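Reading the structure
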Amino acid sequence: MITLYDYLPSQNAYKIRLLLAQLQQEYKTELVSIFEGEGQRPEFLAINPTGAVPAIRLEDGRVLAESNAILFYLAQGSQFLPQDSYEQARLWQWLSFEGDYVQATVATIRHWTMTGKLARRAESLVSAKRAGSLKVLRILDRELADRRFLVADTYTIADISLFAYVHLAEEGGLPLPDFPHVLRWIERVKSQDNYLGQVYPYSIDPYSIRELP
Ligand SMILES: N[C@@H](CCC(=O)N[C@@H](CS)C(=O)NCC(=O)O)C(=O)O
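Small disclaimer: the values here were computed from a predicted structure and weren't measured.

**A word on the domain arrangement of the protein chain**
Each assigned domain of the protein chain is listed with its residue range as follows: domain 1 (2-77 + 198-209) and domain 2 (85-190). Here the C-alpha centre of domain 2 lies 20 Å away from the C-alpha centre of domain 1. Residue-level contacts link 22 residues of domain 1 with 21 residues of domain 2. When domain 1 packs against domain 2, the two sides together hide about 1,800 Å² of surface, and 61% of this comes from carbon and sulfur. Scanning the region where domain 1 abuts domain 2 turns up one salt bridge. K15 is paired through a salt bridge with E98; the nearest N and O atoms lie 2.9 Å apart. In this structure, the connection of domain 1 to domain 2 is made through eleven residue pairs in polar contact (both at pLDDT 80 or more). Only α1 (11-23) and α3 (67-74) provide two or more residues apiece to the side of domain 1 that touches domain 2. The greatest single-element share of the side of domain 1 that touches domain 2, amounting to seven residues, is contributed by α1. In terms of residue class, the side of domain 1 that touches domain 2 is made up of 14 nonpolar, seven polar and one charged.

Right, here's the structure in full:
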């Protein structure tokens, strides 16, 4: 059985929980208290050199980090990963978009908003993050105007990856109703078999008001 190194309010980790639920795959959980610095312990840095969750340990002891790489690995041979090499490359286009654009904007604004850090950030930085978030939502809304899912017409790990932070964008003060195609796609994702609706606010962790070490 695989082990998931997890931190419950992490939507990067939620991506893996969602895929595992949809694969109906059992797994063990090891919680990492990232704001208390547990990610920086040598034992965890040996699992993920960045000190971040999610990471997984396979049954044979090998480890893997980075949410999108983990999704790609776990989805092998399943309906959530297209077989065609062009479609796989298109899928990586969206996984990279998520890693480069969404994590730096929508995810960051949500983290700062929910943990009270927004007030400690320079106004110019916050407005740049907000503008970047709106740009991300505009791009997605345009892309989703004429198709059901991000890659081809089927639900894939690209949708899982993008969904994780985008569906909670309002927790970062972003106006999702301004993006009707994104809203409809969110409902489509929620209607998939074995959808996992459970997410966790940062407020379950009193240490989340701290800066990451
Ligand atoms: N690019 C990474 C980002 C992972 C990440 O930022 N994880 C956060 C939680 S959402 C974390 O564990 N941060 C702790 C740290 O960076 O020390 C991924 O997609 O997995």
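**Some thoughts on the site of the ligand**
For the ligand, the set of nearby residues contains 13 residues, the closest of which are S10, V53, E66, S67 and Q103. At 2.8 Å from a nitrogen atom of the ligand is found a main-chain nitrogen or oxygen belonging to V53. In this structure, a nitrogen atom belonging to the ligand sits 2.8 Å away from a side-chain N or O atom of E66. When the free accessible area of the ligand is taken as 500 Å², the share hidden by the protein chains comes to 80%. Assessed atom by atom at 2 Å from the grid points, the ligand resides in the largest pocket.

Parameters at a glance
- Within each chain, residues carry numbers counting from 1 in the order of the written sequence.
- Given that this is a predicted model, residues contribute local features only at a pLDDT of at least 70 and side-chain atom pairs are listed and counted only at 80 or more, while totals for whole chains, interfaces and linings are drawn from all residues.
- Note that the side-chain values use all heavy atoms of the structure and ignore hydrogens as well as water.
- In this document the domain limits rely on a domain assignment from an automatic tool or a database.
- We call two residues in contact when some of their heavy atoms are within 4.5 Å.
- In this description, buried area is defined as the sum, over both parts, of the accessible area (probe of 1.4 Å) that is lost when the two are combined.
- A side-chain nitrogen of Lys or Arg and a carboxyl oxygen of Asp or Glu constitute a salt bridge if their distance falls within 4 Å.
- In protein, a polar contact means a hydrogen-donor-capable atom and an acceptor-capable atom, both N or O and within 3.5 Å, with residues adjacent in sequence counting only if both atoms are side-chain atoms; elsewhere, any N or O pair within 3.5 Å suffices.
- A run of DSSP states H or I qualifies as a helix once it reaches four residues; a run of E qualifies as a strand once it reaches two. Both are numbered from the N-terminal end.
- When residues are sorted by character, Ala, Val, Leu, Ile, Met, Phe, Trp, Tyr, Cys and Pro go into the nonpolar class, Asp, Glu, Lys and Arg into the charged class, and all the rest, Gly among them, into the polar class.
- Working definition: residue near molecule or strand if any one of its non-hydrogen atoms lies within 4 Å of it.
- Using the Shrake-Rupley algorithm and a 1.4 Å probe, accessible areas are obtained, with residue cover drawn only from the displayed protein chains.
- Two kinds of site are reported from a 1 Å grid over the protein atoms alone, namely cavities, where a 1.4 Å probe fits but cannot get out, and pockets, open sets with protein on both sides within 12 Å along at least five of seven lines, and residues are called lining when an atom falls within 4 Å of a point.
- Whether a molecule sits in a cavity or pocket is decided by its atoms, more than half of which must lie within 2 Å of the grid points.

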